[in-house]
Amino acid sequence: MRYNEKELQALSRQPAELAAELGMRGPKKGSGEPALTGPLAPLCPQPVGALLLERCRVTQEEPSGFSISFMEDPERKYHFQCCSEEQCQEWMGALRRASYEFMRRSLIFYRNEIQKMTGKDPLEQFGISEEARFQLGGLKA
């Protein structure tokens, strides 16, 4: 998976959509140390790590805990512990909405709605309307 380091640093300086101190346990080192985290915007001056939310699954593991796993390796999970069940639901929803697949489906949906209303493809002006990633037929469930 690719990412742009400068873009990641710029994102880390933006206000977080959601921020809290959560317990985190990675797939290999199960330290359980608290980790400050926020989708798309870590709470520290320099990003110390990031999870690219592409082809991932967010699953509730217990009332106040959830995990993130990836389709390529479903056994490799990142576990997070929240303070309450409500906080857990809030984080799970935010992470699902921040996933690449959710954003792609939203773009395709709104593209089609705009096209129905105006008769024009809104992506045409950017020269990307024919790219496979923006086509409904290429959408994997």
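Starting afresh in each chain, residues are numbered from 1 along the sequence in its written order. Two thresholds apply to this predicted model, a pLDDT of at least 70 for residue-level local features and 80 or more for giving and counting side-chain atom pairs, whereas whole-chain, interface and lining totals are computed over all residues. Only hydrogens and water are set aside when side-chain values are computed; all heavy atoms of the structure are taken into account.

An unreviewed UniProt entry annotates the chain as Pleckstrin homology domain-containing family J member 1 originating from Leptonychotes weddellii.

## Structural notes on the overall build of the chain
To keep things clear, this is the line we draw: Put simply, DSSP marks the helices as runs of H or I at least four residues long and the strands as runs of E at least two long, and each gets a number from the N terminus on. For every residue, the accessible area obtained with a 1.4 Å probe (protein chains only) is divided by the maximum for its type, and the residue is called buried under 20%, exposed over 50%, and partly exposed between those limits. We call two residues in contact when some of their heavy atoms are within 4.5 Å. Per-residue accessibility takes into account occlusion by the displayed protein chains alone, with areas from the Shrake-Rupley method and a 1.4 Å probe.
The number of helices and strands found in the chain is three helices and five strands. Reading the helices (α) and strands (β) of the chain from amino to carboxyl end gives α-β-β-β-β-β-α-α. A burial count over the chain gives 30% of its 141 residues as buried. Sequence-distant contacts, at least 24 apart, represent 52% of the contacts inside the chain between residues at least 6 apart. Element-wise, carbon and sulfur atoms account for 53% of the exposed surface of the chain, whose accessible area totals about 9900 Å².

## With respect to a nonpolar patch on the surface
To keep it simple, the criterion reads: Within this analysis, patches are made of residues with over 30% relative accessible area and no salt bridge. Like charges are joined at 9 Å or less; nonpolar side chains (Val, Leu, Ile, Met, Phe, Trp, Tyr) at 5 Å or less. Should a side-chain nitrogen of Lys or Arg be within 4 Å of a carboxyl oxygen of Asp or Glu, the pair is scored as a salt bridge.
Where nonpolar side chains cluster on the molecular surface, the patch consists of Phe 109, Tyr 110 and Ile 114 and spans about 320 Å² of accessible area. In this fold, Phe 109 is placed in helix α3 (residues 100–118).

## Overview of the packing of aromatic side chains
The condition that has to hold: Any pair of Phe, Tyr and Trp rings, taking the six-membered ring for Trp, is counted once the centres come within 6.5 Å. Such a pair is stacked with planes under 30 degrees apart, edge-to-face with planes over 60 apart, and tilted for the rest.
Scanning all chains against the criterion turns up three aromatic pairs. Here Phe 66 and Phe 80 contribute two aromatic rings whose centre-to-centre distance is 5.1 Å and whose plane-to-plane angle is 15°, an arrangement assigned as stacked. Within this pair, whereas Phe 66 is found in strand β4 (residues 65–70), its partner Phe 80 is found in strand β5 (residues 73–81), the two being separated by 14 residues in sequence. Taking the relative accessible area as the measure of exposure, Phe 80 reaches 7% and is therefore buried. Ring centres of Phe 70 and Tyr 78 lie 6.3 Å apart, and the angle between their planes is 85°; this geometry places the pair in the edge-to-face category.

## Overview of helix α2 (residues 85–97)
Put simply, the test is: For a helix, the expected span equals 1.5 Å multiplied by the number of residues minus one.
With 13 residues, α2 should cover 18 Å at 1.5 Å per step; its first-to-last C-alpha distance of 18 Å lies within 8% of that length. Among the residues of α2, Gln 87, Cys 88, Trp 91, Met 92, Gly 93, Ala 94 and Leu 95 are the ones counted as buried.

## Overview of the nonpolar core
To keep things clear, this is the line we draw: The set of buried Ala, Val, Leu, Ile, Met, Phe, Trp, Tyr and Cys residues whose side-chain atoms join them within 4.5 Å is what this entry labels a nonpolar core.
Counting residues in each nonpolar core, the largest one holds 18 residues, and the members touching the most others are Leu 22, Phe 66, Ile 68, Trp 91 and Leu 95. When contributions to this core are tallied by element, the ones reaching two or more residues are β1 (20–25), β3 (56–62), β4, β5 and α2. Here this core takes five residues from α2, the largest share from any one element.

## Some details on α3
To keep it simple, the criterion reads: Directions drawn from the helix axis to the C-beta atoms are what define this arc.
With 19 residues, α3 ought to run about 27 Å at 1.5 Å a step, and its terminal C-alpha atoms sit 27 Å apart, in line with that. Every buried residue of α3 is accounted for by Glu 101, Arg 104, Ile 108 and Arg 111. Around the axis of α3, the buried residues are gathered within 90° of arc, so they sit on the same side. Exposed positions of α3 whose direction lies more than 90 degrees from the buried face are Tyr 110, Met 117 and Thr 118. Residues of α3 that are buried sit in contact with β3. Just beyond α3, the residue with positive phi is Gly 119, at close to 80°.

## Things to note about unusual backbone geometry
The phi torsion of most residues other than glycine is negative, and most of the peptide bonds are trans. The backbone phi angle of Arg 55 is positive, close to 50°, even though this residue is not glycine. Here Arg 55 lies in the loop between β2 (34–37) and β3.

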